[in-house]
Amino acid sequence: MIDIVAEPGMGKSRLLHEFRQRVGKEQAFILTGSCSPDGRQTPFLPFIEVVRGSFQVRSGEAESEVVRKLEMGLTVLGLHSPENIGLLLSLLGLKPPEGALAGLDGVLIGLRTRALLQHLLEARCRLSAVVLLIEDLQWIDSVSQEVLGKIVDGEAKLRLLILHTRRPEYEPPWREKPVATTLRLELLPTGEIPPSGPSAARS
């Protein structure tokens, strides 16, 4: 895990962008998610994006197409079941099939969704190396923080690189773990800042 920390405007997002440009699809399967200041009350917010990316679900797709992609993806990962289909559809804000989540209340659905997200990542890592990018961790919701913490603490040996960005005021509970390395972005010295303006354009 690489913990990238810096004040706003220091280039955290640009650093992740450049990293993605250098990691080819043949090297790793890249999953992305982001947190937002108005999303702290939305459980699993960054992982909703992760699931969409994992199963190549696009916004506005017909529900039948989403179900087809989830079924195919879960089959490839060895995790296909009516309950797992129902959990992922519920996570994406869609209606689960009749009876898929029978006997599960809101608390159990939340707990099983947490476990499923971890199993999905583990299964994906068995197929290829995975890079998980999470931006703006200072706005992470408590449920997503819990899921990410369990991934970090998991005993499975995964081909997984997690990169997340945050502002200094937020400190993730896992930052002192042996697997975590903190990268602090500092202001460039004046001599290292590229020139700008008309004179630079002529050079």
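In this report, we go over the structure that sits alongside the text.

Definitions and cut-offs
Residues numbered from 1 in each chain as written. Predicted model: local features only at pLDDT ≥ 70, side-chain atom pairs only at ≥ 80, totals over all residues. Heavy atoms only, no water. Pairing = 2+ DSSP bridges. Helix = DSSP H or I, 4+ residues; strand = E, 2+ residues; numbered from the N terminus. Phe/Tyr/Trp six-rings, centres within 6.5 Å; stacked < 30°, edge-to-face > 60°. Lys NZ or Arg CZ within 6 Å of the ring centre and 35° of its normal. Buried < 20%, exposed > 50% of the residue type's maximum accessible area, 1.4 Å probe, protein only. Polar contact = N/O pair within 3.5 Å; in protein donor to acceptor, adjacent residues only side chain to side chain. Contact = heavy atoms within 4.5 Å. Core = buried A, V, L, I, M, F, W, Y, C linked by side-chain atoms within 4.5 Å. Expected span 1.5 Å × (residues − 1).

Here's the deal with the pairing of strand 1 (residues 2-5)
So, point 1. Across four bridges, the pairing between strand 1 and strand 4 (residues 160-166) is parallel. What sits directly across from V5, in strand 4, is R166.
So, point 2. Bridge analysis of strand 1 against strand 5 (residues 181-184) gives four bridges, and the strand direction is parallel. Its bridge partner being in strand 5, D3 is matched across the sheet by T182.

Regarding the packing of aromatic side chains
So, point 1. Applying the stated criterion to the full structure yields zero aromatic pairs.
So, point 2. For the cation-ring pair, R124 lies above F29, with the distance from its terminal atom to the ring centre recorded as 4.2 Å.

Thoughts on unusual backbone geometry
So, point 1. For F44, which is not glycine, the phi dihedral falls at a positive 70°.
So, point 2. Mapped onto the elements of the fold, F44 is located in the loop between strand 2 (29-34) and helix 2 (45-55).
So, point 3. According to the relative accessible area criterion, F44 is buried, its value standing at 8%.

A few points about the side chain of D3
So, point 1. Mapping D3 onto the fold places it in strand 1.
So, point 2. In terms of polar contacts, D3 uses its side chain to reach the side chain of H164, at 3.5 Å.
So, point 3. Within the structure, D3 has its side chain in polar contact with the side chain of R166 (distance 2.7 Å).
So, point 4. If near-sequence neighbours (up to four positions away) are discounted, D3 is found in contact with H164, R166, P172, R175, T181, T182 and L183.

Digging into the nonpolar core
Most often, soluble globular proteins have nonpolar side chains that are buried together.
So, point 1. With 46 residues, the main nonpolar core has F55, L88, L120 and L148 as its most contacted residues.
So, point 2. Counting only elements with at least two residues in this core, the list comes to helix 2, helix 3 (63-77), helix 4 (82-91), helix 5 (106-127), strand 3 (130-135) and helix 6 (142-153).
So, point 3. Per-element accounting of this core gives the leading share, seven residues, to helix 5.
So, point 4. Aside from chain neighbours lying at most four places away, what touches F55 is K69, L70, G73, L74, L77, L88 and L120.
So, point 5. Within the second largest apolar cluster, nine residues are counted, among which are I4, A6, A28 and L185.

Concerning helix 3
So, point 1. For helix 3, built from 15 residues, the straight-helix expectation of 21 Å at 1.5 Å per residue is met to within 8% by its first-to-last C-alpha distance of 21 Å.
So, point 2. Contacts from the buried residues of helix 3 go to helix 2, helix 4 and helix 5.
So, point 3. Where helix 3 ends, the next residue or the one after it, G78, has phi of about 75°, a positive value.

It is worth stressing that arrangement in space is one thing and function is another; only the former is reported here.
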